[in-house]
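The primary structure of each chain is shown beneath.
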Amino acid sequence: MHSKILEKLKQQTPEFLSGEELCRQLGITRSAVWKHIGNLRKSGYQIESVTNRGYKLNKIPNAPLPAEITPLLHTSSIGRTIHYLDQTASTNKTARQHAENGATHGTVIVTDHQTQGRGRLQRNWYSPAGANLYLSIILRPPLPPMSAPSFSLLTGLAVRRACCGFAADQQIAIKWPNDIFINGKKTAGILADISAEQDCINHLIIGIGVNVNLESQNLPPALQETATSLKIETGRSINRPALAAAILDRLEELYDPWLKQGLTPFLDELHHSSLLLNREVSVSNPRSTIRGKVTGITPNGELSLQTETGAIQTIAAGDASIVNNGTVKL
Ligand code: BTN
């Protein structure tokens, strides 16, 4: 009902819509209309009410609310159910609870603020309120668990494509495995969690964090050198629901070809959008650190390196840093 009232108010903008008309069109009482208007105001919608004229929508909040994302979506399954929370510890954690309770393929959890946002390799993900995008998607691909890492790589491609739509004139690259860099600084990250049996995935949770409208003065000192936001790079405020819808659209476009053919159809794009291709890098994981020149990404999503000896080595997981004149950076 919430979204029906909103739809009616949007259709009527910039005119007033009378309470009587709302009751008639939606078949609800005056007090129900009043209650819903109150809830919309709590979500940040500025709605003017004037006796004998009715209600007028003056401002839509720039927040990732389902009522704003859904009308922009072109998907058939991803994002068709969206749960929004003003605040949560981590959308990946909330998504896991939903997945364990049977949430369907494509369900999305989105929030304005994470109190314990998680990054890869046990890091924190800086998640202040009012500026960014934090969302997690529950997927149920009918595939074995070993195929999951390649989808999290592909999510990087979806997020890059979506960001390009809002910052076409900027250099947007993917740093393997799936960090999104704009003009050399990190803007978005992806964290995948999986629940699987030996030969099948129960659910895959793809968590996406994008620094959208974060201002540079609000970046914590530790991130000043290495992180940025779409707004910092473009100088423009970005509509968060529109970016969320674009990410979900792009992800669904990639999903079916990936189910059938894996990463193969996307290798060219992964290569040409790679921050690391042909660069000298050092890749660390808990078992080892390997240094070499990046020669590409394999169809399984591994990073392929040519080491000092000339041998080609592939790495399935790790943290890559670019080596500049012998010093490791990023
Ligand atoms: C990384 O680059 O280290 C990954 C960052 C992933 C952050 C997102 S924000 C939404 C989802 N919830 C989390 O707690 N983390 C992911």
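None of the values given here were measured: they were computed from a predicted structure.

K.L.:
Any chance you could break down the overall build of the protein chain for me, citing the residues and the numbers?
P.N.:
Regarding its fold elements, the protein chain presents 9 helices and 15 strands. Taken over C-alpha atoms, the radius of gyration comes to 22 Å for the protein chain, in line with the 20 Å a tight globule of 330 residues would show. The principal-axis extents of the C-alpha atoms in the protein chain amount to approximately 80 × 45 × 30 Å. Per-residue burial for the protein chain yields a buried fraction of 50% across its 330 residues. Counting contacts in the protein chain only where the partners sit at least 6 residues apart, residues at least 24 apart contribute 62% of the total. For the protein chain, the computed accessible surface area is about 15,800 Å², with 47% contributed by carbon and sulfur atoms. Side-chain charges in the protein chain split into 33 positive and 27 negative, and the spacing between the mean points of these groups amounts to 4 Å.

K.L.:
Describe the site of the ligand, listing the residues and the values that go with them.
P.N.:
Lining the immediate surroundings of the ligand are 19 residues, of which S90, Q114, R118, R120 and K186 lie closest. One nitrogen or oxygen atom from the side chain of S90 is found 2.8 Å from an oxygen atom belonging to the ligand. Between an oxygen atom of the ligand and a side-chain N or O atom of D179, the distance comes to 3.5 Å. Per element, the largest residue contribution to the shell around the ligand is 4 residues, and it comes from strand β8 (residues 185-196). Partitioning the shell around the ligand into residue classes produces 5 nonpolar, 10 polar and 4 charged.

K.L.:
So what's going on with the environment of Y45? Which residues, and what values?
P.N.:
Along the chain, Y45 falls in the loop between α3 (30-42) and β1 (46-50). Taking the relative accessible area as the measure of exposure, Y45 reaches 3% and is therefore buried. With 148 residues separating them in the primary sequence, Y45 and D193 have C-alpha atoms 34 Å apart.

K.L.:
Explain the pairing of strand β10 (residues 280-285) to me, using residue names and the numbers behind them.
P.N.:
Relative to strand β11 (residues 288-297), β10 runs antiparallel, the two being bridged by 6 bridges. Of the residues in β11, the one forming a bridge with S282 is R291. Linking β10 back to β11 in an antiparallel pair, the connection comprises 2 residues. Where β10 meets strand β14 (residues 319-324), 4 bridges bridge the pair, whose relative direction is antiparallel.

K.L.:
Which residues make up the environment of T115, and what values go with them?
P.N.:
On the secondary structure map, T115 appears in the loop between β4 (108-111) and β5 (133-139). Residue class for T115 comes out partly exposed when judged on its relative accessible area of 44%. In sequence terms T115 and T94 are 21 residues apart; their C-alpha atoms lie 12 Å from each other.

K.L.:
Tell me about the sheet that holds β8, and name the residues and values.
P.N.:
Overall, mixed pairing links the 7 strands, which are arranged β3-β4-β5-β9-β8-β7-β6 in an open sheet. Looking at strand neighbours, the two that pair on one side only are β3 (82-85) and β6 (172-175), the edges of this open sheet. Ignoring which end each strand starts from, the neighbouring axes of this sheet average 20 degrees apart. With 3 bridges connecting them, strand β7 (residues 179-182) and β8 associate as antiparallel partners. If you follow F181 over to β8, its bridge partner there is K186. Docked against the sheet, helix α6 (residues 148-164) engages β5, β6, β7, β8 and β9 (201-210), running at close to 35 degrees with respect to β9.

K.L.:
Would you mind going over the packing of aromatic side chains in detail, with residue names and values included?
P.N.:
On inspection of all chains with the given rule, the structure shows 4 aromatic pairs. Arranged with centres 4.6 Å apart and planes meeting at 50 degrees, the rings of F151 and W258 form a pair that is tilted. One end of the pair, F151, is in helix α6; the other, W258, is in helix α8 (residues 240-261), with 107 residues separating them in the sequence.

K.L.:
Break down the pattern of salt bridges for me, citing the residues and quoting the values.
P.N.:
Taken as a whole and assessed by the stated rule, the structure comprises 12 salt bridges. For E253, the salt bridge goes to R250, with nearest N and O atoms at 2.9 Å. Of the two residues, E253 and R250 are both situated in helix α8; the distance of 3 residues between them amounts to about one turn of the helix. A single salt-bridge network, built from bridges that share partners, covers R161, R250, E253 and E269.

K.L.:
Can you lay out the pairing of strand β2 (residues 54-59) for me, pointing to particular residues and giving the numbers?
P.N.:
The sheet contact formed by β1 and β2 spans 5 bridges and is antiparallel. By the bridge assignment, V50 is partnered in β2 with G54. Linking two consecutive strands that pair antiparallel, namely β1 and β2, is a turn of 3 residues; a positive phi of about 70 degrees is found at N52 within it.

K.L.:
So, helix α1 (residues 2-12): which residues are in play, and what are the values?
P.N.:
For α1, every residue scored as buried is listed here: I5, L6 and L9. Buried positions in α1, seen along its axis, are confined to an arc of 100 degrees and lie on one side of it. Those residues of α1 hidden inside the fold are in contact with α2 (19-26), α3, β1, β2 and α4 (66-69).

Analysis parameters
Residues numbered from 1 in each chain as written. Predicted model: local features only at pLDDT ≥ 70, side-chain atom pairs only at ≥ 80, totals over all residues. Heavy atoms only, no water. Helix = DSSP H or I, 4+ residues; strand = E, 2+ residues; numbered from the N terminus. Rg over C-alpha atoms; globule rule 2.2 N^0.38 Å. Buried < 20%, exposed > 50% of the residue type's maximum accessible area, 1.4 Å probe, protein only. Contact = heavy atoms within 4.5 Å. Areas by Shrake-Rupley, 256 points an atom, 1.4 Å probe, with all protein chains shown as cover. Lys, Arg positive; Asp, Glu negative; His and termini not counted. Charge placed at Lys NZ, Arg CZ, Asp CG, Glu CD. Near = heavy atom within 4 Å. Polar contact = N/O pair within 3.5 Å; in protein donor to acceptor, adjacent residues only side chain to side chain. Nonpolar A, V, L, I, M, F, W, Y, C, P; charged D, E, K, R; others polar. Pairing = 2+ DSSP bridges. Axes fitted to C-alpha atoms, helices over the stretch in contact; angles between N-to-C directions. Phe/Tyr/Trp six-rings, centres within 6.5 Å; stacked < 30°, edge-to-face > 60°. Salt bridge = Lys/Arg side-chain N within 4 Å of Asp/Glu carboxyl O. Arc of directions from axis to C-beta.

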